[in-house]
Amino acid sequence: MLHITGDTHGDRDRLKKLEEQGESEWGENDTLIICGDFGFIFANSDYEREFLDELEKKPYTICFCDGNHENFPAIYSFPKENWNGGRVHRIRKNVFHLMRGQVFTIDGKKIFTMGGAYSRDKYMRFENLSWWKEELPNDAEYKEAISNLRENGNRVDYVITHTAPRYIIRMLGKEPSLRDMELTGFFDWIRHDVQFEHWFFGHWHTDRDIEGKFSAVYYSVKNV
Ligand SMILES: [Fe+2]
């Protein structure tokens, strides 16, 4: 089974809370998917590495798409591999960064992933210390996304992203930024032209289902 949740921001207590959400029963056939702002590879410290070693002891698989609050060079320093039909950075034997524009088959479901978002709090962050320019996708990542979706007949089961289509952001009562128009506009294209069963996204730090097909996840865990 897939268990989908929102931003974890490197908060160990946040992951511990999963115990109250059925985590103790998850085994080798279960996959936890975090919709960006994983944050456990941020300071690139021994403290973080020890915790990643702890995650390696979990009996289930842990995957995350990237958010905007990530140390991208640190994530990208892990080995790149093919895994379940898409490209990942292998963090530990059971912990994977799901790269942008990929289609994975996990638990028999096709899953499209596209991390990244614009940091509205960029003004209070420092480049290469608490903010990295890779937070928004580049041309190659968009091209790969389009090509991989096309290869799958523009049809997947689930979409996993950090932010959301502009239309959905407005449904949350938020105003999309001019700064991420390329990404959120791209997501609007997916919303129209790609067939999917459900779209899960983080970033907005809220738990809300929209129009039966979209779920903003933060602390909630969606079991599918
Ligand atoms: Fe976040």
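Conventions we followed
- Residues numbered from 1 in each chain as written.
- Predicted model: local features only at pLDDT ≥ 70, side-chain atom pairs only at ≥ 80, totals over all residues.
- Heavy atoms only, no water.
- Donors = N, O, S within 2.8 Å, 3.2 Å for Na, K, Ca; no water.
- Tetrahedral: all angles 85-135°; square planar, octahedral: opposite > 155°, others 65-115°.
- Buried < 20%, exposed > 50% of the residue type's maximum accessible area, 1.4 Å probe, protein only.
- Pairing = 2+ DSSP bridges.
- Helix = DSSP H or I, 4+ residues; strand = E, 2+ residues; numbered from the N terminus.
- Contact = heavy atoms within 4.5 Å.
- Axes fitted to C-alpha atoms, helices over the stretch in contact; angles between N-to-C directions.
- Phe/Tyr/Trp six-rings, centres within 6.5 Å; stacked < 30°, edge-to-face > 60°.

On the protein side, the iron ion has D7 (OD), H9 (NE2), D37 (OD) and H205 (NE2) as donor atoms, found 2.1 to 2.5 Å from it. The site at the iron ion holds 4 donor atoms, and with the angles between them running 77 to 178°, its shape is irregular. Donor residues for the iron ion sit on one chain with the sequence pattern D-x1-H-x27-D-x167-H. When its relative accessible area of 1% is taken as the criterion, D7 is described as buried.

The next point concerns the sheet that holds strand 5 (residues 86-92). As summarised here, the arrangement of the 7 strands in space is 4-5-6-3-2-1-13, forming an open sheet in which the pairing is mixed. Strands with a single pairing partner mark the edges of an open sheet, and in this sheet they are strand 4 (80-83) and strand 13 (222-223). Two strands pair when backbone bridges link them, and strand 1 (residues 2-5) and strand 2 (residues 31-35) are joined in this way by 4 bridges, in the parallel orientation. Bridge assignment links L2 to a residue of strand 2, and that residue is T31. Contacting strand 3 (61-65), strand 5 and strand 6 (95-98), helix 2 (residues 46-56) runs over the sheet at an angle of about 110° to strand 5.

Right, let's get into the packing of aromatic side chains. Per the counting criterion, the structure on display carries 17 aromatic pairs. Judged by centre distance (4.2 Å) and plane angle (20°), the rings of W83 and F96 are stacked. Note that W83 is positioned in strand 4 and F96 in strand 6, a separation of 13 residues in sequence. A relative accessible area of 13% places W83 in the buried class. Owing to a relative accessible area of 2%, F96 belongs among the buried residues under this scheme. Residues W83 and F104 carry aromatic rings whose centres are separated by 6.1 Å and whose planes lie at 55° to one another, so their mutual orientation is tilted.

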